[in-house]
Amino acid sequence: MENEVMAGMISWLPIIFMLVIFYFMLYRPQKQARQEREKMLANLRVGMEIVTVGGIYGAITALDDEIIKLKIAEGVEIKISRQAVNMVPQKTKDAE
């Protein structure tokens, strides 16, 4: 009887091992990246330069919870979703 229980437990080891690998290789890095992005979006301020998902560079002139006004050229402003912000260039991060 005891051998059957041990055999049953041993048969579950590969599945448990796979779950641990998935956690450390997939779930955990995605969670960290999501937290980093949420932090970046929460720290946006007027005057910061950003890059949109579409590759447009510009400076923030106004922002609220959902919409950002972005100055992309002299006299040209566009409205974008806050979620459309891809990154803050490194030079802007260093200036803070």
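The structure this text deals with has already been given above.
Overview of the structure.

Calculation rules
Throughout, a residue's number is its position along its own chain's written sequence, starting from 1. In view of the model being predicted, local features appear only for residues whose pLDDT reaches at least 70, and side-chain atom pairs are presented and counted only at 80 or more, with totals across whole chains, interfaces and linings using the full set of residues. Side-chain measures were taken over the full set of non-hydrogen atoms in the model, leaving aside hydrogen atoms and water. Planes of paired rings set the category: under 30 degrees apart is stacked, over 60 is edge-to-face and the rest tilted, where pairs are Phe, Tyr or Trp rings (Trp by its six-membered ring) whose centres lie within 6.5 Å. Working definition: with a 1.4 Å probe on protein chains only, accessible area under 20% of the residue-type maximum means buried, over 50% means exposed, and in between means partly exposed. Per the convention used, a helix needs a DSSP run of H or I reaching at least four residues, while a strand needs a run of E reaching at least two, with both numbered from the N terminus. Two strands are counted as paired when DSSP detects at least two bridges linking them. Take the buried residues of types Ala, Val, Leu, Ile, Met, Phe, Trp, Tyr and Cys, join any two whose side-chain atoms come within 4.5 Å, and each joined set is a nonpolar core. Note on definitions: a residue-residue contact is assigned when non-hydrogen atoms from the two residues lie within 4.5 Å. Axis lines are fitted to C-alpha atoms, over the contacting stretch for helices. Their N-to-C directions set the angle, which ranges from 0 to 180 degrees.

1. Let's talk about the packing of aromatic side chains
One pass over the structure, following the stated rule, counts 2 aromatic pairs. Where Tyr23 meets Phe24, the ring centres are 5.0 Å apart and the plane angle is 85°; that geometry is what we call edge-to-face. The class for Phe24 is partly exposed, based on a relative accessible area of 49%. Plain terms: the ring middles of Tyr23 and Tyr27 are 5.8 Å apart, the flat faces sit at 35° to each other, and that makes the pair tilted. Taken together, the residues Tyr23 and Tyr27, both in helix H1 (residues 2-42) and 4 residues apart, mark about one turn of the helix. Taking relative accessible area as the criterion, Tyr27 reaches 43% and is therefore assigned partly exposed. Among the aromatic side chains, those forming a connected cluster through ring pairs are Tyr23, Phe24 and Tyr27.

2. Overview of the pairing of strand E2 (residues 57-63)
Bridge analysis of strand E1 (residues 49-52) against E2 gives 3 bridges, and the strand direction is antiparallel. Within E2, the position partnered with Glu49 by the bridge is Ala59. Strand direction decides the pairing type here: E2 and strand E3 (residues 67-73), joined by 4 bridges, are antiparallel. Its bridge partner lying in E3, Ile60 is registered against Leu70.

3. Section: the nonpolar core
The nonpolar side chains of a soluble globular protein tend to be buried with one another. By size, the foremost hydrophobic cluster in this structure holds 11 residues: Met40, Leu41, Leu44, Met48, Ile50, Ile60, Ile68, Leu70, Ile80, Val85 and Val88. Sorting the residues of this core by element identifies H1 and E3 as the ones contributing at least two each. Dropping the residues within four chain positions of it, Leu70 is found in contact with Ile50, Thr52, Gly58, Ala59, Ile60, Thr61, Val76, Glu77, Ile78 and Ile80.

4. Regarding the side chain of Thr52
Positionally, Thr52 belongs in strand E1. Residues contacting Thr52, with those up to four places away along its chain left out, are Leu70, Ile80, Ala84, Val85 and Asn86.

5. Overview of the environment of Val20
Residue placement: Val20 occurs in helix H1. In sequence terms Val20 and Met40 are 20 residues apart; their C-alpha atoms lie 29 Å from each other.

6. Digging into the pairing of strand E4 (residues 76-81)
Relative to E4, E3 runs antiparallel, the two being bridged by 6 bridges. Residue pairing in the sheet places Lys71 in a bridge with Glu77 of E4. Between E3 and E4, which pair antiparallel in sequence order, lie 2 residues; one of them, Gly75, sits at a positive phi of approximately 80°.

7. Section: the sheet that holds strand E5 (residues 85-87)
In spatial order, the strands read E4-E3-E2-E1-E5; together these 5 strands make up an open sheet with antiparallel pairing. Only two strands of the sheet have a single neighbouring strand rather than two, namely E4 and E5. Ignoring which end each strand starts from, the neighbouring axes of this sheet average 55° apart.

Geometric values such as these leave the question of function open.
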